[in-house]
Amino acid sequence: MKVCLTAALALAALAVAKTEVSAEEVVAAYVDDRSDGAALVRSLYNAINRKEYARAYGYFAETQPVGGFADFSRGYANTISVEVRIGKVTTEGAAGSVYAAIPVAVKSIERPTKTRLFAGCYVARIINPAQQAPPFTPYQIEAARLKEVEGPIEQAIPAVCDVP
């Protein structure tokens with residue numbers, strides 16, 4: 001009985017200690033899924049949450065974001081964490097490619113204690129896999145059009161995004 005009580009107290013102490021971990025100490029599990037547009041965007045924000053900015057930057061196609069990698073990574077200097085919500089994704093085939101329009105809302109927690117909300121659309125593209133030659137190129141982000149908005153994250157997701 002004494003052993004069971006000691007084990008229960010130890011487990012309770014661990015549970016309490018676990019809840020006292022700061023947001024900066026929690027590391028999300030590694031996710032790198034480029035199987036569709038929504039998975040690609042989730043992987044992008046997973047990389048940002050893990051401070052893996054080279055991986056995040058690598059999800060973009062030749063039209064790299066914000067003036068190069070140094071500027072891109074500096075843009076997240078005060079970011080503690082991000083949360084992404086994805087709306088209804090639309091896909092369309094055109095000229096040997098498949099495009100996915102991904103509506104998103106992104107909540108960013110920043111230092112010192114600031115919360116920002118962004119909403120807009122990502123456009124991802126994959127060349128038809130059956131028509132590719134090595135090296136294989138998975139889905140890549142072709143465009144990102146987000147702007148800062150107000151309101152709860154659930155209501156900030158655009159209803160629809162246009163496929164180019």
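Above this note sits the structure.
Residues numbered from 1 in each chain as written. Predicted model: local features only at pLDDT ≥ 70, side-chain atom pairs only at ≥ 80, totals over all residues. Heavy atoms only, no water.

Visitor: I would appreciate a short explanation of the environment of I48 in the present structure.
Guide: By secondary structure assignment, the location of I48 is in helix α2 (residues 37-49). The spacing of I48 and E83 is 35 residues in sequence and 9.9 Å in space, taken between C-alpha atoms. Every residue in contact with I48, bar those within four places of it in the chain, is listed here: Y53, A56, Y76 and V82. (Helix = DSSP H or I, 4+ residues; strand = E, 2+ residues; numbered from the N terminus. Contact = heavy atoms within 4.5 Å.)

Visitor: In this structure, what is going on with the state of the cysteines? I would like to understand it.
Guide: Two cysteines form a disulfide when their sulfur atoms are joined by a covalent bond. Tallied over the entire structure, the rule returns one disulfide. One disulfide in the model links C121 with C161; its S-S distance is 1.8 Å. Because the sign of the S-S torsion sets the handedness, a value of about -85° for the bond joining C121 and C161 places this disulfide among the left-handed ones. Here C121 is found in strand β4 (residues 114-127), whereas its partner C161 is found in the segment after α5 (153-156), with 40 residues between them in sequence. Of the residues examined, C121 reaches a relative accessible area of 11% and is grouped as buried. (Disulfide = S-S within 2.5 Å. Buried < 20%, exposed > 50% of the residue type's maximum accessible area, 1.4 Å probe, protein only.)

Visitor: Any chance you could explain the pattern of salt bridges here in plain terms?
Guide: Two side chains with opposite charge may pair up if their charged atoms get near one another. Scanning all chains against the criterion turns up ten salt bridges. Ionic pairing is found between E52 and R55, a salt bridge with its closest N-O pair at 2.7 Å. For E52, a relative accessible area of 21% puts it in the partly exposed group. Between E154 and R85 there is a salt bridge, with the nearest N and O atoms lying 3.2 Å from each other. Here E154, found in helix α5, pairs with R85, found in strand β1 (residues 79-86); they are 69 residues apart in sequence, far enough to count as distant. On the basis of relative accessible area, E154 is assigned to the partly exposed category, the value being 48%. Accessibility expressed as a relative area gives 29% for R85, which makes it partly exposed. (Salt bridge = Lys/Arg side-chain N within 4 Å of Asp/Glu carboxyl O.)

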